[in-house]
Amino acid sequence: MQFPESWLREFCNPPLTTAQLSETLTMAGLEVEELNPVAPPFHGIVVGEIKDAVQHPNADRLRVCQVDVGQPALLTIVCGAPNARVGIKVPCAMVGAELPPGEDGKPFLIKVGKLRGVESHGMLCSARELKLSEDHGGLLELSVDAVLGENIRQHLNLDDTLFTLKLTPNLAHCLSVFGVARELSALTGTPLTTPVFQSIAATASDVLPVKVSAPDLCGRFSGRVVRGVNPKAATPAWMVDRLARCGQRSVTALVDISNYVMFELGRPSHIFDLDKIHGGLDVRWGQPGEQLKLLNGNTVTVDGQVGVIADDQQVESLAGIMGGDATAVSDDTQNVYVEAAFWWPRAIAGRSRRFNFSTDAGHRFERGVDPELTVEHIERITQLIVDICGTPQTVCGPMDDQQVAMPKPVVVNLRVARAIKVLGMPLTQAQCANALKGLGLPVVEGDGVLSVTAPSYRFDIQIEEDLIEEVARVVGYDNLPATPPQAPITAKIRPEARRGEFAVRRAVAARGYQETINFSFVEERWEHELAGNPNPIKLLNPIASQMSVMRSSLLGSLLQVLKFNQDRKAQRVRVFEIGRVFLRDAGVLNSDTTVQGFDQPMRLAGLAAGAIDAPEWGVKERAVDFYDVKGDLEALLAPARATFVPTEHPAMHPGRCAKVVVDGVDVGFVGELHPKWRQSYDLNQAPILFEIDLDAVLHRDVPRFKAVPKFQAVERDIAVLVDERVTHDALMAAIWAAPVDGVLRDALLFDIYRPKSSVTGMGQSAEKSMAVRLTLNAKEDAALTESQIDATVAAVVATLAEKIGARQRT
């Protein structure tokens, strides 16, 4: 929320500097996110009036102006602004004035100069030249009552500061300048200037029929008819200025009045064009299929979960969020209906996000707006309408106020002993009572107990801890003592057989991957297509329609990253993510770290697309393939030995996918993206993906000491003919199953050969030759003998023949 300091000080003006004021608010929980000056530094600029303006004799687009700045003589100033004309008052930079720095960062000094032969003694300024706005359509025209020669900073109140607050949801009562002033008064003890609302006497008997059909939507509805207004009236400069400093542009006088009261008092309201309402109004829940064109131009379709204000023919407004275009005020409006209501926060919360937009009104109503002051705020709006848009024909109808379901006052007890225990500091009952009373909370004191009835504007006070927080805010968080913990602190030591997540991140990054962090909320389509999950966990209140379910796989997020980079011409993408996935599991029970019925394991997923390495002059470019990523996984899982078993996965190519098995446990998948998803997601190449359980990577066996053999190892090569369907894993499993009594140290496949005569007859499978290098060494401190070597090789060959039907090539 943004507002000018000068407006705040009209309600509460403590003897504090701007910096001290900011610190006071921040330490009370109203975080001041930014402090910005209204205008940059400049000087020597005063109010001037153009007394004469004639065409420049040597230029078509320049005018020679005679300007009165309150001095005995007029100044001759050459100006090229299209709106330079006699009678207007504008900012005039005198000779010697210094304007705000330009793009080069240097201040602009005004000197006497000649423009096309005519001497100019100053400069007439636009708002852009003064860095007040981006408007450069002409000179900044000032009000007619501006005093000639007055410093422009004083006239426009430019020595002001814009406060930007970052408010938490429980501080809804501070979503207005008056609300912040009320807090500031309690924090500093400075008197609060409370606005007084004079009742506007009814001069007409017109009342618009209103029916509140949904008390669970609207607890109070107030309104008034005002006839004979002038919609073309100009919004006063002071109101336009304050709205601009709150970040709100001026629209029309009627709209500006409604916005102004919202920023001033925190009450969103709506002004209808009375003549466009058919019959009366009905405040109700929407009906499925009903449509409404909003003020922002969007057309939305409502349902039974969205509140609306409707007339006898159609829906006219989204309750508490935004008005409809059909009853919007315009230049032809003559009669209006002013509405202010109390909408139940739970009936407004999340509704605007359904339609992918948010409004200031919805932001306030879903947090809670004071239900007690609807009539007073309409009186304020009415007075402004009469003052700004009033005509001799303006008449006001009586106030129509319907209270159908007002919130019941909440009484909360605060135990002083409990406050002392929670805050960890000594407090007296008087301190607690004074703090709460200073916030305007009615307090009844008992023996060590304070009973507080929450005011109508404090929706956040529900339990004892809420009152303790209020005491802490007023006493001052900076006054809380720093008490060291009494319990002994013991570092949690990670087992040696388990490495940390950051070690895994560094290991994956060392393989050439870049880490990404993605939302756990994903598109439902990803779950159906890429994870094969027909029943994903849906969010009750998604932040966007394309983020409606919890992910059960990390692959969709990585594909989105690939698509994002591909669209920006990135040819080589290697990314990974370590994140949590969300699965339904009835076996999970509630605990400090789990939610009943849902498993939330951590996974590691990666994606590689494009060239295997960055371009290099001495190496031919090659696209990354399945075996490259398989090698990355083997390196990450080492020293554990992973096996890869052909399988199928919804996201992966059916013939280029394998499940990863470690110690007989399936830990994940690796494979190439399925061609149909590559086409569906409009990817120009098929990436290789993997996803494995993080626990499998975190675990690593502790290295054990082994003596280095004193004698040189012996290598023997064997080549065997096997069926074409025999895999590398099957071959290695058979070799290591041989009874070799610890002599075999390593086995490496170094060649595959397919003889042309491998098809021997109809119905027989083709064969291939697989060559393996065996590394042998004795366990004892002795060299292997030829007989031991021959016996070991023979045992391996015999086991291969028994296990996979291999026969040795000769």
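This write-up is about the structure you can find in this document. Only a predicted model underlies this, so the values are computations on that prediction, with no experimental measurement involved.

Attention now moves to the overall build of the protein chain. Check the secondary structure of the protein chain and you find 21 helices and 42 strands. If one aligns the C-alpha atoms of the protein chain with their principal axes, the spans along those axes are about 120 × 85 × 60 Å. When burial is assessed residue by residue, the protein chain has 47% of its 810 residues classed as buried. For the protein chain, the exposed area adds up to about 41100 Å²; of that, 52% sits on carbon and sulfur atoms. The centroid of the 82 positive side-chain charges in the protein chain is displaced by 6 Å from the centroid of its 100 negative side-chain charges.

With that settled, consider helix H12 (residues 429–438). All of the buried residues along H12 are Cys432, Ala433, Ala435 and Leu436. Projection of H12 onto a plane perpendicular to its axis shows the buried side chains occupying an angular sector of 160°, all on one side. Downstream of H12 by a residue or two, glycine 440 has a phi angle that is positive, lying close to 80°.

Along the chain, lysine 232 turns up in the loop between strand S13 (218–227) and helix H5 (237–245). With relative accessibility at 60%, the residue lysine 232 sits in the exposed group. Residues lysine 232 and threonine 252, 20 residues apart in the sequence, show an inter-C-alpha distance of 7.5 Å.

Now for the nonpolar core. Ranked by size, the top nonpolar core spans 45 residues in total, and within it Ile385 and Cys389 carry the most contacts. Mapped onto this core, the elements with two or more residues apiece are helix H1 (5–11), helix H2 (18–27), strand S11 (161–166), helix H4 (177–188), H5, helix H6 (253–265), strand S21 (335–343) and helix H10 (374–389). Dropping the residues within four chain positions of it, cysteine 389 is found in contact with Val229, Asn230, Ala233, Ala253, Leu254, Ile257, Leu384 and Thr394. Within the second largest apolar cluster, 38 residues are counted, among which are Ile277, Met322, Phe342 and Trp344.

Reading across the sheet, the five strands line up as S12-S15-S18-S19-S20 and stay open at both edges, with mixed pairing between neighbours. For this open sheet the edge positions go to strand S12 (210–212) and strand S20 (322–323), each flanked by a neighbour on one side alone. When S12 meets strand S15 (residues 281–285), the two strands line up parallel, connected through three bridges. Its bridge partner being in S15, lysine 211 is matched across the sheet by aspartate 282.

Inspection of every chain in the model, using the stated rule, returns twelve aromatic pairs. Aromatic pair phenylalanine 342 and tryptophan 344: ring centres 5.1 Å apart, planes at 65°, arrangement edge-to-face. Take tryptophan 344: its relative accessible area is 14%, and that puts it in the buried class. Three or more aromatic residues joined by ring pairs form one cluster here, namely Trp7, Trp238 and Tyr260. Directly above the aromatic system of tyrosine 457 lies the positively charged group of arginine 182, at a separation of 3.8 Å from the ring centroid. Of note, arginine 525 hangs over the ring of tyrosine 681, and the distance from its end group to the ring centre comes to 4.4 Å.

As a further point, take the state of the cysteines. Linking two cysteines covalently through their sulfur atoms gives a disulfide. Summed over the entire model, instances satisfying the criterion amount to zero disulfides. The cysteine cysteine 65 is free of any disulfide, with cysteine 79 supplying the nearest cysteine sulfur at 5.2 Å. Of the residues examined, cysteine 65 reaches a relative accessible area of 0% and is grouped as buried.

Mapped onto the elements of the fold, alanine 638 is located in the loop between helix H17 (626–637) and strand S35 (642–646). Given the relative accessible area of 37%, alanine 638 is considered partly exposed. Along the primary structure alanine 638 and alanine 707 are separated by 69 residues, whereas in three dimensions their C-alpha atoms are 21 Å apart.

Attention now moves to helix H13 (residues 464–475). Between the first and last C-alpha of H13 there are 17 Å, a value that for twelve residues agrees with the 16 Å anticipated at 1.5 Å per step. Listed in full, the buried residues belonging to H13 are Glu464, Asp466, Leu467, Ile468, Glu470, Val471, Ala472 and Arg473. Its buried side turned inward, H13 meets H4, strand S24 (411–415), helix H11 (416–423), H12 and strand S26 (449–453).

On to the sheet that holds S11. What the three strands build is an open sheet, ordered S1-S11-S2; its pairing is antiparallel. The open sheet has two edge strands with one neighbour each: strand S1 (2–4) and strand S2 (31–37). Here the average twist between neighbouring strands, direction ignored, is 25°. In this sheet, S11 lies alongside S1 in antiparallel orientation, the contact comprising three bridges.

This paragraph deals with the pattern of salt bridges. Taken as a whole and assessed by the stated rule, the structure comprises 45 salt bridges. Between glutamate 470 and arginine 458 there is a salt bridge; the shortest N-O distance is 3.0 Å. Here the residue glutamate 470 occupies a position in helix H13, and arginine 458 occupies one in the loop between S26 and H13, the gap between them amounting to twelve residues. Exposure class is identical for glutamate 470 and arginine 458. Each is buried.

What follows is about the pairing of strand S38 (residues 688–693). For S38, the tally of buried residues reaches five of six residues, placing the bulk of the element in the interior. Sheet topology places strand S34 (residues 602–609) next to S38; six bridges connect them, and they run antiparallel. Pairing of alanine 605 across the sheet is with glutamate 691, part of S38. Direction of pairing for strand S37 (residues 665–673) relative to S38: antiparallel, over a ladder of five bridges.

Take arginine 284: it is sitting in strand S15. Taking relative accessible area as the criterion, arginine 284 reaches 14% and is therefore assigned buried. Once you skip the residues sitting within four places of it in the chain, arginine 284 turns out to touch Ser213, Ala214, Leu217, Glu290, Gly307, Val308, Ala310 and Val315.

Time to look at the environment of aspartate 206. Assignment of secondary structure puts aspartate 206 in the loop between H4 and S12. Judged by its relative accessible area of 26%, aspartate 206 falls in the partly exposed class. Residues within four places of aspartate 206 in sequence aside, it is in contact with Val225, Arg227, Gly397 and Pro398.

Looking now at the packing of H12 against H13. Running from N to C, H12 and H13 point in directions that differ by 90°, and their axes come no closer than 9 Å. The angle between H12 and H13 places the two elements in the roughly perpendicular class. Judged by residue contacts, Cys432, Ala435 and Leu436 of H12 engage Leu467, Glu470, Val471 and Val474 from H13.

Note on placement: aspartate 68 falls in strand S4 (residues 63–68). At 2.9 Å, the side chain of aspartate 68 forms a polar contact with the backbone nitrogen of glycine 70. Leaving out residues up to four positions away in the same chain, aspartate 68 has contacts with Val47, Gly48, Glu49, Lys51, Leu74 and Leu148.

On to the pairing of S24. Only one face of S24 is buried: it carries Val412 and Leu414, and the other face, with Val411, Asn413 and Arg415, is open. Here S24 pairs with S26 via five bridges, running antiparallel. Bridging from a neighbouring strand, valine 412 pairs with valine 452 of S26.

We now examine the packing of H2 against H4. Look at H2 against H4: their axes get within 11 Å of each other, and the N-to-C directions meet at 95°. When the axis of H2 is compared with that of H4, the two are roughly perpendicular. The residues of H4 that touch H2, namely those facing Leu21, Thr24 and Leu25, are Val180, Leu184, Leu187 and Thr188.

Reading the values: the criteria
Residues numbered from 1 in each chain as written. Predicted model: local features only at pLDDT ≥ 70, side-chain atom pairs only at ≥ 80, totals over all residues. Heavy atoms only, no water. Helix = DSSP H or I, 4+ residues; strand = E, 2+ residues; numbered from the N terminus. Buried < 20%, exposed > 50% of the residue type's maximum accessible area, 1.4 Å probe, protein only. Areas by Shrake-Rupley, 256 points an atom, 1.4 Å probe, with all protein chains shown as cover. Lys, Arg positive; Asp, Glu negative; His and termini not counted. Charge placed at Lys NZ, Arg CZ, Asp CG, Glu CD. Arc of directions from axis to C-beta. Core = buried A, V, L, I, M, F, W, Y, C linked by side-chain atoms within 4.5 Å. Contact = heavy atoms within 4.5 Å. Pairing = 2+ DSSP bridges. Phe/Tyr/Trp six-rings, centres within 6.5 Å; stacked < 30°, edge-to-face > 60°. Lys NZ or Arg CZ within 6 Å of the ring centre and 35° of its normal. Disulfide = S-S within 2.5 Å. Expected span 1.5 Å × (residues − 1). Axes fitted to C-alpha atoms, helices over the stretch in contact; angles between N-to-C directions. Salt bridge = Lys/Arg side-chain N within 4 Å of Asp/Glu carboxyl O. Parallel < 35°, antiparallel > 145°, perpendicular 65-115°, else oblique. Polar contact = N/O pair within 3.5 Å; in protein donor to acceptor, adjacent residues only side chain to side chain.

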